[in-house]
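Secondary and tertiary structure notes
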Number of protein chains: 2
Amino acid sequence: MTDVVASTRRPAPRGRIDKRKAILDAAFAVFARRGYDQACVQEIAEEAGVAKPTVYNHLSDKENLFRHAVETAAEAVMADNLAVVELVREPSGDLRALLEDVADRMLRICCDERSRALRRLTYAQLVRFPDLIEVVHRRTSTRVAEALADRLARLCLSGHLRPCDPAQAAEQFLALLTAPVEARSRLGGREVPPAEIDAVASAAVDTFLRAYRPEPATS
Amino acid sequence: MTDVVASTRRPAPRGRIDKRKAILDAAFAVFARRGYDQACVQEIAEEAGVAKPTVYNHLSDKENLFRHAVETAAEAVMADNLAVVELVREPSGDLRALLEDVADRMLRICCDERSRALRRLTYAQLVRFPDLIEVVHRRTSTRVAEALADRLARLCLSGHLRPCDPAQAAEQFLALLTAPVEARSRLGGREVPPAEIDAVASAAVDTFLRAYRPEPATS
DNA sequence: ATAAATCTGAACTGACGAGTTCAAATCAGG
DNA sequence: CCTGATTTGAACTCGTCAGTTCAGATTTAT
């Protein structure tokens, strides 16, 4: 009689459309704000504008839902990052300016809600889904580092950077970017103001260039 | 009738000893291996060799148990790290060797099970206990960075490093250490072989020194 | 229009775990 | 050795939530 429940239900096109996509999007959103254990399937169904049995109809169970939602998000984050790495080319003008631009774009991706939620969720479920972290990490970290290493290798060959191990250079470039931001965002809990992002990016590039610029002709 | 339950019960000195400490230790151990939600108070009680009501007698509820266990662990990790930072002094011999020793020790702390579990737990409960991460982060990260900055400032003044912002230098030194190790340990899921730890430490120090060594007297 | 597939809401089962209760056992101190 | 505090085990309450069932509504395709 006193039913005022569930006023936040979008009608969402009845019939058979891409319920599946709606469900996965909703799942990631709900997992992101509640965490795996606190998220309940009912809420995901409501967020997707769909009945609970429909959720189970598309994705067998909660675990499956989580895996698909997380892997999809990881895919998207990887695509964004790879697109940015593509920008690293033989500099037409200033190498520093180029790297700062790249650094800035990567940090913005790494600070946005989706990336943060993704890290949080995989980190949190490390014990329960060890294989999942493997997949996510490959997408969001390893792959990006490899792509960046490729680009840096070219810069070494063309003499814009000193000869070095490109994989290590890439690892350290990313370290100088991500670690300070992780720390300043309290592991993703706080929003980092753009001014700080800029500062971290420019400090990282500065240090990176000091360490990897070509040696002044010795002797 | 078919009761074979709870065969892993240590007797643990009956009467009133430091049950409290036993309980907190057990709590951290169980939270570490199960995560907050999966950990059940019964298991903590068993691990502590104590009855369930005794747990509730000492610490009001599960949340309280978690907070105390985590804060205690954070305190311990901080102490370890600060002790290592103390080693940074005016180098009697080689600055590089000194920094590599410090880097190595810090990485070992950061890779051990306790630190990893601590990061995992706080990261995972970011949403539910936002204030807790504040506390932990201050202990394990901010404080250590500040202490290191102090030491680096002295090295700048004595001319062992170029003039620079010591806070930034400390932040980047730690970034070059922790980020690669986090990546290689799959966010703490995998054990990192000592050889890799050494490699990361020495690469980090090398890059740090290239970026922060005193400028060769210009013009 | 009609048949097959899908979706819906609501109610249901079953497991699990937090926190409590209590009477009996155990301890510590005077 | 007596008294009061603490511990213990076991059973219990209570809420939550994953996953299921089902009869009826809706959709899509032919």
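Computed from a prediction, not measured in an experiment: that's the story for all the values here.

Summing up its helical and strand segments, chain A has nine helices and zero strands in all. Helices (α) and strands (β) of chain A occur, in sequence order from the N terminus, as α-α-α-α-α-α-α-α-α. Expected size for 219 residues packed as a compact globule is a radius of gyration near 17 Å; at 21 Å, chain A overshoots this value by more than 25%. Here chain A, with 219 residues, has 46% of them falling under the buried criterion. As displayed, chain A has an accessible area near 10800 Å², and 53% of this comes from carbon and sulfur atoms. Between the averaged position of the 32 positive side-chain charges in chain A and that of its 32 negative side-chain charges there is a distance of 4 Å.

Here we come to helix α8 (residues 166–184) of chain A. Residue and element names in this part refer to chain A. Between its first and last C-alpha, α8 extends 27 Å over 19 residues, near the 27 Å set by a 1.5 Å rise per residue. When the local axis directions of α8 are compared, the greatest deviation, roughly 30°, occurs at A175. Residues of α8 that are buried include every one of A169, A170, Q172, F173, L174, A175, L176, L177, A179, P180, V181 and E182, and no others. Where α8 ends, the next residue or the one after it, R186, has phi of about 50°, a positive value.

Take the interface of chain A and chain B next. Size of an interface, as often reported, equals the accessible area lost when the parts are brought together. The interface is formed by 39 residues belonging to chain A together with 39 residues belonging to chain B. Here chain A meets chain B over a buried area of about 3600 Å², counting both sides, of which 58% is carbon and sulfur. Linking chain A with chain B are six salt bridges, by the criterion used here. One salt bridge connects E134 of chain A with R186 of chain B, and the closest N-O pair in it is separated by 2.4 Å. Within the residue set of the side of chain A that touches chain B, elements represented by two or more residues are α1 (19–34), α6 (113–124), α7 (130–157), α8 and α9 (194–212) of chain A. Within the side of chain A that touches chain B, the residues separate by chemical class into 16 nonpolar, nine polar and 14 charged.

Residue and element names in this part refer to chain A. By the assigned domains, chain A splits into domain 1 (19–58) and domain 2 (62–212). Each of domain 1 and domain 2 has a C-alpha centre, and these two points are 29 Å apart. Contacts between the two partners involve 14 residues from domain 1 and, on the opposite side, 15 residues from domain 2. Of all residues in domain 1, the largest losses of buried area upon contact with domain 2 belong to F28, F31 and Y36, amounting jointly to 52% of the total for that side. Counting every contact that joins domain 1 to domain 2 gives one salt bridge.

Moving on: the environment of A45 of chain A. Residue and element names in this part refer to chain A. The residue A45 is located in helix α2 (residues 41–48) in this model. The class for A45 is buried, based on a relative accessible area of 0%. Taking the C-alpha atoms as reference points, A45 and L98, separated by 53 residues in sequence, lie 45 Å from one another. With residues near it in sequence (within four places) discarded, A45 still touches V50, A51, K52 and V55.

On to the nonpolar core. Counting 135 residues, the largest nonpolar core has L161 and F208 of chain A together with F31, L161 and F208 of chain B as the members making the most contacts within it. With residues near it in sequence (within four places) discarded, F208 of chain A still touches L99, L152, L161, A169, F173 and L176 of chain A.

If you rotate chain A by 180° and push it 0.0 Å along the axis, it lands on chain B with an RMSD of 0.1 Å. Here the two chains are linked by the operation of a two-fold rotation axis. For chain A, the residue whose C-alpha comes nearest the rotation axis is A124 of chain A, separated from it by 2.0 Å. Comparing interface residues between copies, 100% of those in chain A also sit at the interface in chain B, which points to an isologous, same-surface contact.

For the structure on display, the rule yields 15 aromatic pairs over all chains. For the ring pair F31 of chain B and F66 of chain B, a centre distance of 5.0 Å and an interplane angle of 90° mean the geometry is edge-to-face. Of the two residues, F31 of chain B sits in helix α1 (residues 19–34) while F66 of chain B sits in helix α4 (residues 62–85), which places them 35 residues apart along the sequence. Across the pair, F66 of chain B and F31 of chain B agree in class, each one buried. The rings of F31, Y36, F66 and F129 of chain A are connected pair by pair, giving a single aromatic cluster.

So, how was this worked out
- Residues numbered from 1 in each chain as written.
- Chains lettered and ligands numbered in written order.
- Predicted model: local features only at pLDDT ≥ 70, side-chain atom pairs only at ≥ 80, totals over all residues.
- Heavy atoms only, no water.
- Helix = DSSP H or I, 4+ residues; strand = E, 2+ residues; numbered from the N terminus.
- Rg over C-alpha atoms; globule rule 2.2 N^0.38 Å.
- Buried < 20%, exposed > 50% of the residue type's maximum accessible area, 1.4 Å probe, protein only.
- Areas by Shrake-Rupley, 256 points an atom, 1.4 Å probe, with all protein chains shown as cover.
- Lys, Arg positive; Asp, Glu negative; His and termini not counted.
- Charge placed at Lys NZ, Arg CZ, Asp CG, Glu CD.
- Expected span 1.5 Å × (residues − 1).
- Bend = angle between axes of the 7 residues up to and from the residue.
- Contact = heavy atoms within 4.5 Å.
- Buried area = accessible area lost by both parts, 1.4 Å probe.
- Salt bridge = Lys/Arg side-chain N within 4 Å of Asp/Glu carboxyl O.
- Nonpolar A, V, L, I, M, F, W, Y, C, P; charged D, E, K, R; others polar.
- Domains from an automatic or database assignment.
- Core = buried A, V, L, I, M, F, W, Y, C linked by side-chain atoms within 4.5 Å.
- Least-squares fit on C-alpha atoms with pLDDT ≥ 70 in both.
- Phe/Tyr/Trp six-rings, centres within 6.5 Å; stacked < 30°, edge-to-face > 60°.

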